[in-house]
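Observations on the three-dimensional arrangement
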Amino acid sequence: MRGRANLVAYIGLTLLAMLALAERIAPYRGAVAACTPGYVYDGDTVEMRCDGTLLRARLLGFDAPEASAPKCASEAVWAARATARLRELLRGPKVAIYRHGRDKYRRELVQITVAGRDVAEVMIAEGLAVAYAGGKRRSWCGGQ
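Quick look at the structure, then. (Residues numbered from 1 in each chain as written. Predicted model: local features only at pLDDT ≥ 70, side-chain atom pairs only at ≥ 80, totals over all residues. Heavy atoms only, no water.)

**Description of the overall build of the chain**
A tally of regular secondary structure across the chain gives three helices and eight strands. Ordered by position from N to C terminus, the α and β elements of the chain give α-β-β-β-β-α-β-β-β-α-β. A separation threshold of at least 6 residues defines the contact pool for the chain, and within that pool the share at least 24 residues apart is 54%. Here the chain displays about 9100 Å² of accessible surface, and carbon together with sulfur accounts for 59% of that area. (Helix = DSSP H or I, 4+ residues; strand = E, 2+ residues; numbered from the N terminus. Contact = heavy atoms within 4.5 Å. Areas by Shrake-Rupley, 256 points an atom, 1.4 Å probe, with all protein chains shown as cover.)

**Some details on the packing of aromatic side chains**
Counting across every chain of the model gives two aromatic pairs. The interplanar angle of 40° and the centroid separation of 6.4 Å between the aromatic rings of Trp-78 and Trp-140 together place this pair among those described as tilted. Of this pair, Trp-78 sits in helix α2 (residues 73-90) while Trp-140 sits in the segment after β8 (130-132), placing them 62 residues apart in sequence. Taking relative accessible area as the criterion, Trp-140 reaches 5% and is therefore assigned buried. (Phe/Tyr/Trp six-rings, centres within 6.5 Å; stacked < 30°, edge-to-face > 60°. Buried < 20%, exposed > 50% of the residue type's maximum accessible area, 1.4 Å probe, protein only.)

**Some remarks on the nonpolar core**
Counting residues in each nonpolar core, the largest one holds 23 residues, and the members touching the most others are Val-46, Leu-59, Phe-62, Leu-86, Ile-112, Val-119 and Met-123. At the level of secondary structure, the elements contributing two or more residues to this core comprise β1 (35-42), β2 (45-50), β3 (53-59), α2, β6 (108-114) and α3 (119-125). Discounting chain neighbours no more than four positions away, the residues touching Phe-62 are Gly-43, Asp-44, Val-119, Ala-120, Met-123, Ile-124, Ala-129, Val-130, Ala-131 and Tyr-132. (Core = buried A, V, L, I, M, F, W, Y, C linked by side-chain atoms within 4.5 Å.)

**A closer look at the pattern of salt bridges**
Scanning all chains against the criterion turns up ten salt bridges. Its salt-bridge partner being Glu-88, residue Arg-85 comes within 3.0 Å of it at the nearest N-O pair. Of this pair, Arg-85 and Glu-88 both sit in helix α2, three residues apart, roughly one helical turn. The exposure class assigned to Arg-85 is buried, which follows from its relative accessible area of 19%. A relative accessible area of 45% means that Glu-88 is categorised as partly exposed. A salt bridge links Arg-85 to Glu-126, with the shortest nitrogen-to-oxygen separation between them at 2.7 Å. Of this pair, Arg-85 sits in helix α2 while Glu-126 is found in the loop between α3 and β8, placing the two residues 41 residues apart along the sequence. Overall, the relative accessible area of 39% leaves Glu-126 in the partly exposed class. Sharing partners across several salt bridges, the network here consists of Asp-44, Arg-58, Asp-63, Glu-66 and Arg-137. (Salt bridge = Lys/Arg side-chain N within 4 Å of Asp/Glu carboxyl O.)

Here is the structure:
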């Protein structure tokens, strides 16, 4: 009897480890139909509500000014504009969220479209963000 309980526990732990490894190696990359955007932290970070769970998510493809720790007054102004615009966009029709794994901070990495248009494209086109695929980030402080 004890051997059977150990086997069941071993199998369960093995399955959990395999699922965690699979998510790291090849994360699910599809529409997250059960998720909706919630609180907007800044121009490129939002909260998602997924089946009753709140997750912090980083939008892909662009970098917006930091609202939580701006390095200068100019960045604070641009961050407020970017945050307000992202909030406005996410109130639009047909919001779709696509998962692309997680970053080193364990945030969900997502692409969001509104009425078929990528939010990253909108934010960049309006000068509220810059294209970003990792690496050194742009300064919003004019050379400071």
